[in-house]
Amino acid sequence: VEGDTVFVDKGKLYLNDVAQDEKFTNGPSNYKFGPVVVPPGKVLVLGDNRNASLDSHIWGFLPKENIIGRAIFKYWPIWEVGPINH
């Protein structure tokens, strides 16, 4: 979200200096990224298979106007399959 500080170090994602508990990722990240501050009108997107994902750690921030849909169903992780309540 715009204004958030994000970085990845030693296999962990930090959001505003708080390590995130990400049970859904495909293992710890093997790269270092950031810290970056998400600018106004942008989002930072990271895939769940961090070490193979071509995401914001590769190509940068995504303009909000490029988001054209809304998630309504999740199929991964398998133990959380079901509708997404907004």
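Here the structure is a predicted model, which means the values were calculated and not measured.

Side note on the nonpolar core
By size, the foremost hydrophobic cluster in this structure holds 7 residues: Val6, Val8, Leu13, Tyr31, Phe33, Val38 and Leu44. Those residues within four positions of valine 6 in sequence are excluded, and the remaining contacts are Leu13, Tyr14, Leu15, Phe33, Gly34, Pro35, Val36, Val38 and Leu44.

Side note on the sheet that holds strand S2 (residues 12–15)
Pairing is antiparallel in the open sheet, where 4 strands are placed in the order S3-S2-S1-S4. The open sheet is flanked by strand S3 (18–19) and strand S4 (33–37), the only strands paired with a single partner. Sheet analysis places strand S1 (residues 5–9) next to S2, joined by 4 bridges and oriented antiparallel. Paired with aspartate 9 across the strands is lysine 12, a residue of S2.

Some words on the pattern of salt bridges
Applying the stated criterion across every chain yields a total of 4 salt bridges. Here glutamate 22 makes a salt bridge to arginine 50, at a shortest N to O gap of 2.8 Å. Here the residue glutamate 22 occupies a position in the loop between S3 and S4, and arginine 50 occupies one in the loop between strand S5 (42–43) and helix H1 (56–59), the gap between them amounting to 28 residues. Of the two residues examined, glutamate 22 and arginine 50, each falls in the buried class.

Side note on the pairing of S2
Along any regular strand the residues' side chains alternate between the sheet's two faces. Between the antiparallel neighbours S1 and S2 lie 2 residues, among them lysine 10 with a positive phi of about 50°. As defined by bridge partners, S2 adjoins S3 across 2 bridges and the pair is classed as antiparallel. Bridge pairing in S3 links tyrosine 14 to alanine 19. Hairpin connection of S2 to S3: 2 residues between the antiparallel strands, including asparagine 16 at a positive phi of 55°.

Parameters and conventions
- Residues numbered from 1 in each chain as written.
- Predicted model: local features only at pLDDT ≥ 70, side-chain atom pairs only at ≥ 80, totals over all residues.
- Heavy atoms only, no water.
- Core = buried A, V, L, I, M, F, W, Y, C linked by side-chain atoms within 4.5 Å.
- Buried < 20%, exposed > 50% of the residue type's maximum accessible area, 1.4 Å probe, protein only.
- Contact = heavy atoms within 4.5 Å.
- Pairing = 2+ DSSP bridges.
- Helix = DSSP H or I, 4+ residues; strand = E, 2+ residues; numbered from the N terminus.
- Salt bridge = Lys/Arg side-chain N within 4 Å of Asp/Glu carboxyl O.

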